[in-house]
Amino acid sequence: MKAVLFDGKGSVRLGEVPKPKLLAGKDAIVRITHAAICGSDLNILKGKIVLEKDGIMGHEGAGVVEEVGPDVKKYKPGDRVVLSYTVQCGECASCRDGLFVFCEHGGMFGHGAQWGGHGGAHAEYLRIPFADAVLEPIPDGLTEEQVLFVGDILSTGYMASEYGSIKPGDVVAVFGAGPVGLCTVAAARLWGPSVLVSVDTLDYRLEAAKRLGADVTINAARTNAAEEIKKMTGGKGCDVAIEAVGSAETLDGCLGSVKGGGNISIVGVFPFAKEMSIRQILRQQLQIRAGRANVVHMARLMSLIGRGKLDLTPLITHRMPLADAVEAYRIFGSRSENVIKVILNP
Ligand SMILES: NC(=O)c1ccc[n+]([C@@H]2O[C@H](COP(=O)([O-])OP(=O)(O)OC[C@H]3O[C@@H](n4cnc5c(N)ncnc54)[C@H](O)[C@@H]3O)[C@@H](O)[C@H]2O)c1
Ligand SMILES: [Zn+2]
Ligand SMILES: [Zn+2]
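Residues numbered from 1 in each chain as written. Chains lettered and ligands numbered in written order. Predicted model: local features only at pLDDT ≥ 70, side-chain atom pairs only at ≥ 80, totals over all residues.

Trainee: For this particular structure, what's the right way to read the sheet that holds strand S7 (residues 107-109)?
Mentor: Whenever strands of a sheet pair, they do so through backbone hydrogen bonds, lying parallel or antiparallel. Spatially, the three strands line up as an open sheet ordered S6-S7-S8, and their pairing is mixed. Every interior strand has two partners, whereas the edge strands, strand S6 (86-87) and strand S8 (117-118), have only one. As judged from the two bridges shared by S6 and S7, these two strands associate in the antiparallel manner. Looking at S7, one finds that Val 87 is bridged to Gly 107. (Pairing = 2+ DSSP bridges. Helix = DSSP H or I, 4+ residues; strand = E, 2+ residues; numbered from the N terminus.)

Trainee: So what exactly am I meant to see when it comes to the nonpolar core here?
Mentor: Nonpolar side chains tend toward joint burial in soluble globular proteins. Grouped together as the largest cluster of nonpolar side chains are 111 residues, with contacts concentrated most on Val 30, Val 172, Ala 173, Val 174, Leu 182 and Val 197. At seven residues, the largest contribution of residues to this core is made by helix H6 (residues 179-189). Inspection of this core shows a minimum of three residues originating in each of domain 1 (2-152 + 294-345) and domain 2 (156-290). Those residues in contact with Val 197, other than ones at most four positions away along the chain, are Val 172, Ala 173, Val 174, Ala 214, Val 216, Ile 218, Ile 229 and Cys 238. (Core = buried A, V, L, I, M, F, W, Y, C linked by C-beta atoms within 7 Å. Buried ≥ 20, exposed ≤ 12 C-beta atoms within 10 Å, placed from the backbone. Domains from an automatic or database assignment. Contact = placed C-beta atoms within 7 Å.)

Trainee: Even after reading the chapter, I still don't get the domain arrangement of the protein, so can you show me in this structure?
Mentor: By convention, interface size is frequently given as the accessible area that disappears when the constituent parts associate. As far as domains go, the protein holds domain 1 (2-152 + 294-345) and domain 2 (156-290). For domain 1 versus domain 2, the distance between C-alpha centres works out to 27 Å. Tallying the contact residues gives 15 residues for domain 1 and 15 residues for domain 2. Residue classes in the side of domain 1 that touches domain 2 are distributed as seven nonpolar, four polar and four charged. (Nonpolar A, V, L, I, M, F, W, Y, C, P; charged D, E, K, R; others polar.)

Trainee: Can you walk me through helix H9 (residues 248-257) in this structure?
Mentor: Taken as a whole, H9 has its buried residues at Thr 250, Leu 251, Gly 253, Cys 254, Leu 255 and Ser 257. On the buried face of H9, the contacting elements are strand S11 (171-175), strand S12 (195-200), helix H8 (225-232), strand S14 (238-243), strand S15 (258-266) and helix H10 (278-284).

Trainee: Explanation requested: the packing of helix H5 (residues 153-163) against H6 in the structure shown.
Mentor: The packing of two helices is summarised by the inter-axis angle and the distance between the axes. Here H5 crosses H6 at 55 degrees, and the two axes come no closer than 7 Å. In terms of orientation, H5 and H6 fall into the oblique class. When the axes of H5 and H6 are compared, the crossing they make is right-handed. Packed against H5, whose contacting residues are Ile 153, Leu 154, Thr 156, Gly 157, Tyr 158, Ala 160 and Ser 161, the element H6 presents Pro 179, Val 180, Cys 183, Thr 184, Ala 186, Ala 187 and Ala 188 at the interface. Broken down by class, the residue content of the contact of H5 with H6 amounts to ten nonpolar, four polar and no charged. (Axes fitted to C-alpha atoms, helices over the stretch in contact; angles between N-to-C directions. Parallel < 35°, antiparallel > 145°, perpendicular 65-115°, else oblique. Left-handed = near helix turned anticlockwise from the far one by under 90°.)

Trainee: Where do I start with the site of ligand 1 in this structure?
Mentor: Around ligand 1 sit 28 residues in total, of which Gly 39, Gly 178, Val 180, Gly 246 and Ala 293 are the nearest. Counting residues per element, the ones that place at least two in the shell around ligand 1 are helix H1 (39-45), H5, H6, S12 and H9. Residues belonging to the shell around ligand 1 are distributed by class as follows: 13 nonpolar, eleven polar and four charged. (Near = placed C-beta within 6 Å.)

Trainee: Would you explain the sheet that holds strand S13 (residues 216-219) in this entry?
Mentor: Read from one edge of the open sheet, six strands run S13-S12-S11-S14-S15-S16, paired in parallel fashion. Here the strands that pair on one side only, and so sit at the sheet edges, are S13 and strand S16 (287-290). Averaged over all neighbouring strand pairs, the angle between strand axes comes to 20 degrees, with direction disregarded. Bridge count between S15 and S16: four bridges; the pairing is parallel. Across the sheet, residue Asn 263 finds its bridge partner in S16, namely Gln 287. Against the sheet, helix H7 (residues 203-211) contacts S12 and S13, and its axis sits at roughly 170 degrees relative to S13. Here H9 sits on the sheet in contact with S11, S12, S14 and S15, set at roughly 170 degrees to S14.

Trainee: Looking at this structure, how should I read H5?
Mentor: The element H5 is largely enclosed, with a buried count of ten among its eleven residues. Of the positions making up H5, those classed as buried are Ile 153, Leu 154, Ser 155, Thr 156, Gly 157, Tyr 158, Met 159, Ala 160, Ser 161 and Tyr 163. Looking at the buried side of H5, the elements it contacts are H6, S14, S15, S16 and helix H11 (298-306). At the C-terminal side of H5, Ser 165 shows a positive phi close to 45 degrees.

Dropping the structure here:
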């Protein structure tokens, strides 16, 4: 089959590899019809996340069940499914607590062995371990493009807004309007903020944030976001600040814009240790929550999509065949052509 392979040095190539086979009773084989490139895929190219040379890239995907092992109960060949980026057994103590990120048998698609790596979704087929716990059925009437993001970035954005403990009427600021920040804006809207602020340095992404429900946008390349947010709240600060970039500037922006007694939620991944002053946290009386996306709400998110309350399809700026994956990675990685999200169709 065709697959996008990491060359071990900083780029990807299209290669021919054996089609995956069922290896365990709870496995399924999915024929991937839709996959997306994620910022984490770029971190593999930059060497920040390890994937072995010739490893298959990709962890965001949807498709059709091709084959199931004897112990798969929920799926049969022909079912349309979306996958979570994490692999979880669904049965260990952590999974039973709803903490898939701490699954004893956990792992990730398209990541190296140290991350409990499995095959990648940027391929024609993918073996899904623990298929009953990793896959989610796509409801009739919804397209793969509508639901593709529930397995990663939309779950991250939903968790980011949940960890912010937003209350109706809150002023909420989301730092970062990349795919994750935009999903956070769309999810934050669900909790009923009075003012939803989106902060980024790229105007075209701020325009997308407006389309997804932001009331106010701030371009941090031109305006000091924290000062602006303080000004618009009469000096008080926002109730909730969400970090969806993973940079020192945006974390400082959150700390500088949130009110005393406010909440900070962090989903940006910091490629370095960023120190925070416990003295400042204590004096500002802050609640801070952070985490790696725990993909437990796929069905809930699909029902919101199905009811027309969430629509992330405006994120899709490019649709390309898998054969053009090298060019797709170039566009996504260079943020050219006003790219937000690239869909690959194997
Ligand atoms: N917690 C999780 O489980 C999880 C899951 C997926 C992604 N992530 C992380 O979320 C972060 C965002 O992911 P993404 O795919 O949207 O990445 P991205 O790089 O596409 O988006 C980041 C955005 O931040 C903006 N930005 C950069 N510097 C800024 C500044 N100083 N002020 C305002 N905006 C600034 C960029 O213009 C860009 O639009 C990354 O750190 C990623 O690793 C976390
Ligand atoms: Zn991802
Ligand atoms: Zn488990």
